[in-house]
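Fold and contact review
One letter stands for each residue in the lines below.
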Amino acid sequence: MLSSEEISIILLSLKVALLSVIISVPFGLAAAHVLARRDFPGKSLFDALVHLPLVLPPVVVGYWLLLLFGKRGPLGAFLEEWFGIAVAFRWSGAAIASAIMSFPLMVRAMRLSMEAIDPKLEAAAQTLGAGRLGVLLTITLPLAMPGILTGMLLAFARSLGEFGATITFVSNIPGETQTLPLAIYALWQVPGGEAAAQRLCVLSLVLSLAALLFSEALVRRANRRIKGYDAVR
Amino acid sequence: MLSVEISHDQGGFSLDAHFDCGTGVTALFGRSGAGKTSVINAIAGLIRPRKGRIVFDGETLFDAEQGIHVRAGLRRFGYVFQEARLFPHFTVRQNLVYSHWFDRTLYSASDFTHVVELLGIGALLQRRPAQLSGGEKQRVAIGRALLAKPRLLLLDEPLASLDAERKHEILRYLRLLRDETRIPMIYVSHAVEEVLELADQVVLLALGRVVASGSVEAVMGRPDLRTAAGMFEGGAVIETQVADVDPEDSLAILGFDGGTLTVGNFGAKIGERVRVRIRAREVSIALAPPQHISIQNILRGKIVTVDASRGGSVNVAIAVGAAMLRARITQRSVRQLGLVPGLEVYALIKAISLDPHGEHG
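Residues numbered from 1 in each chain as written. Chains lettered and ligands numbered in written order. Predicted model: local features only at pLDDT ≥ 70, side-chain atom pairs only at ≥ 80, totals over all residues.

1. As for the overall build of chain B
Helices and strands together make up the secondary structure of chain B, namely 10 helices and 21 strands. The C-alpha atoms of chain B give 23 Å as radius of gyration, which agrees with the globular expectation for 361 residues (21 Å, within 12%). Reported as C-alpha extents along the three principal axes, the dimensions of chain B are approximately 70 × 55 × 30 Å. Residues classed as buried in chain B amount to 43% of the 361 residues present. Excluding contacts between residues fewer than 6 apart, the proportion of contacts in chain B whose partners are at least 24 apart in sequence is 65%. (Helix = DSSP H or I, 4+ residues; strand = E, 2+ residues; numbered from the N terminus. Rg over C-alpha atoms; globule rule 2.2 N^0.38 Å. Buried ≥ 20, exposed ≤ 12 C-beta atoms within 10 Å, placed from the backbone. Contact = placed C-beta atoms within 7 Å.)

2. A closer look at the pairing of strand β10 (residues 201-206) of chain B
Residues and elements named next belong to chain B. Burial within β10 is extensive, with 5 of its 6 residues counted as buried. Bridge analysis of strand β3 (residues 25-29) against β10 gives 4 bridges, and the strand direction is parallel. Looking across to β10, one finds that Ala27 is bridged to Val202. Across 6 bridges, β10 lies against strand β11 (residues 209-215) in antiparallel orientation. Bridge assignment links Gln201 to a residue of β11, and that residue is Ser215. In textbook terms, the turn of a hairpin is the stretch between consecutive antiparallel strands, and for β10 and β11 this stretch comprises 2 residues, one of which, Leu207, has a positive phi near 45°. (Pairing = 2+ DSSP bridges.)

3. Digging into the packing of helix α5 (residues 134-146) of chain B against helix α6 (residues 164-181) of chain B
When two helices pack together, their arrangement is given by the angle between their axes and by how far apart the axes lie. All names here are of chain B. Orientation of α5 relative to α6, taken along the N-to-C sense of each, is 20°, at an axis distance of 9 Å. Between α5 and α6, the angle falls in the class roughly parallel. In terms of crossing hand, the pair formed by α5 and α6 is right-handed. Note on element contacts: α6 touches α5 through Arg166, Glu169, Ile170 and Tyr173, opposite Gly134, Gly135, Gln138, Arg139 and Ile142. Tallied by class, the residues present in the contact of α5 with α6 amount to 3 nonpolar, 3 polar and 3 charged. (Axes fitted to C-alpha atoms, helices over the stretch in contact; angles between N-to-C directions. Parallel < 35°, antiparallel > 145°, perpendicular 65-115°, else oblique. Left-handed = near helix turned anticlockwise from the far one by under 90°. Nonpolar A, V, L, I, M, F, W, Y, C, P; charged D, E, K, R; others polar.)

4. Re the interface of chain B and chain A
Each partner contributes to the interface: chain B provides 21 residues, whereas chain A provides 20 residues. Considering only residue class, the side of chain B that touches chain A consists of 13 nonpolar, 4 polar and 4 charged.

5. With respect to the environment of Gly33 of chain B
Residues and elements named next belong to chain B. If you trace the backbone, Gly33 turns up in the loop between β3 and α1 (36-44). Taking the C-beta count within 10 Å as the criterion, Gly33 has 15 such neighbours and is therefore assigned partly exposed. On a C-alpha basis, the gap between Gly33 and Leu15 in space is 11 Å, while along the polypeptide they are 18 residues apart.

6. Looking at the confidence of the model for chain B
All names here are of chain B. The predicted model of chain B has a mean per-residue pLDDT of 86, with 94% of residues at 70 or higher. Ranking the elements of chain B by mean pLDDT puts helix α9 (residues 226-229) last, at 58, and helix α3 (residues 92-96) first, at 95. Counting interchain partners and residues more than four positions distant, the pLDDT-below-50 stretch residues 357-361 has 7 contacts. The ipTM value of the predicted complex is 0.81, and its pTM value is 0.74. (pLDDT = per-residue confidence, 0-100.)

7. Considerations on the sheet that holds strand β20 (residues 344-349) of chain B
Residue and element names in this part refer to chain B. Judged by pairing direction, the sheet is antiparallel, and its 5 strands sit side by side in the order β16-β20-β17-β18-β19 without closing on themselves. In this open sheet, the two strands that pair with only one neighbour each are β16 (283-286) and β19 (323-330). For this sheet, the mean inter-axis angle between neighbouring strands, taken without regard to orientation, is 45°. Two strands pair when backbone bridges link them, and strand β17 (residues 297-308) and β20 are joined in this way by 6 bridges, in the antiparallel orientation. Within β20, the residue paired with Asn297 across the bridge is Ile349.

8. Side note on unusual backbone geometry
You will see that Phe89 of chain A, though not glycine, has its phi angle at about 65°, which is positive. With respect to the helices, strands and loops of the structure, Phe89 of chain A is situated in the loop between α4 (74-83) and α5 (91-115). In this model, Ser250 of chain B sits at a positive phi of 55°, which is unusual for a non-glycine residue. Relative to the elements of secondary structure, Ser250 of chain B occurs in the loop between β12 (235-246) and β13 (251-256).

9. Section: helix α1 (residues 4-37) of chain A
For α1 of chain A, built from 34 residues, the straight-helix expectation of 50 Å at 1.5 Å per residue is met to within 8% by its first-to-last C-alpha distance of 48 Å. Its axis deflected by about 40° at Ser24 of chain A, α1 of chain A carries its strongest bend there, up to four residues before the proline Pro26 of chain A. (Expected span 1.5 Å × (residues − 1). Bend = angle between axes of the 7 residues up to and from the residue.)

10. Considering the confidence of the model for chain A
Close inspection of predicted coordinates is inappropriate in any region flagged by low pLDDT. Of the residues in chain A, 97% have a pLDDT of 70 or more, and the chain-wide mean is 90. In this model residues 229-233 of chain A is a low-confidence stretch, pLDDT under 50, and it forms 6 contacts with partners more than four residues away in sequence or in other chains.

11. Some points on the pairing of β17 of chain B
Regular strands show a simple pattern: their side chains alternate between the two faces of the sheet. The sheet contact formed by β17 of chain B and strand β18 (residues 313-320) of chain B spans 6 bridges and is antiparallel. Residue pairing across strands places Ala308 of chain B opposite Val314 of chain B, the latter belonging to β18 of chain B.

12. Considering α5 of chain A
Residues and elements named next belong to chain A. With 25 residues, α5 extends 35 Å between its outermost C-alpha atoms, agreeing within 8% with the 36 Å of an ideal straight helix rising 1.5 Å per residue. The largest bend in α5 comes to about 50°, at Ser102, with the proline Pro104 one to four residues further on. Most of α5 is tucked away, with 22 of its 25 residues classed as buried.

Set out below in structure tokens:
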């Protein structure tokens, strides 16, 4: 049914998307928490920075990543020298590009769910002996779980479709950085590749849809767990 | 034991509260918007006042000048909120033992059993807060605060969001708590009945200032505090004891050192202590013992003060034994009867509110 090439493209895409979510979750949670619960000068600027990948041309993000993580870039040289890790033109680089591009989506969902938590519950937890970390771990994060899961799944689905920043940063190398959208693009360039490209398009649709449906089911489950009933939206 | 002296700015007015309270139940009383919740939140450590000090049992919890602010979790004060604030993602049992996550030494199986029994929540332990009624939630919230072994229990209008029936249910548990645990409590309320029912002392707050503080009898009896207290009407509060019960006429006789009062039977037990409130406008004054009259309660006393207040009415304080009765009558009556301090009079009481169990409507 699926050719071995198609399977390896899908596996690579899933691998990249998964790593990108793993990279961005800690930063996403921190950014969401800061935006939802803190007030500080320059908050709107911080908020704008978080949302920047949403409005910036992806090619700009990719280009900057290349400057930063390339062999002679400050971060690239550092990683190479100290850890022997190269990310430019590697699948891990594709994951970094996806992580940045999907970051605003992830933060938005997480932030909304954290803002929806009644701060009075957190105050109640404080009076019962919980410190800041205790409140975060026992109240804020568990209650925000549906939004956290949504954010992760949205970021995952967005990563599956990442194109512009990825192709600029890590190029289109079959077996290394050629994820689904990049493979579709490559096939499109080849005469007679339309049918194969069309198959990948359908695969892409199925994958994205599956991710969204899965997220929906997960969120419903999480809501039942934390509230004892389905949340009204 | 607890000494509070704080200033804080909050929307509309500045809070400037200074009071001390001892063991037993201290009511923080006043109409809504008086700043009661801010005061209790400052005591709990949930807000940081702009100025002042808060000292508990010699330990400074807050001192603006020295920059001391002990965080809420380290104050060991239990807090029962108006809306129970149970954690929705935990079961009742997990809610109850929440504080033990942060301090293992607080846990004691016998304490847990005792609190669960005291509050009658044994059947609810496996449920989620969403499956509880309002009264049940509040009982669990009280249990959760108790199991943190608080040095002081703060209650912020814990009955306000409940219907009348649930109110009495929770009031009963609070009374039980007061008599059994001996944990000092600060009880925020704007309901006179709750204050009379539970409190030993009252701190009366109006527009962010402490207007009066002292024993319940002293503060709640003062007619001049009527506006400050909002819904509270001037009158007297008298501690009595049930002397006799007449089941035939369904009456109870309450004795105090100035005489007896006859009230409708409320299921009283002889010897039970009952606090009654007699509103100033329910008291009339006669110079001679009236006869052929339906009023049951006629007390003999001596006029202490006669104060004209605004609007042509006069507040008359009448000493009846050790109790002080208040009457609000017209200026004309004062003139016609020649009421002056020292005069022996008869106080005719038209109605009495009692708070035997809080089981009235």
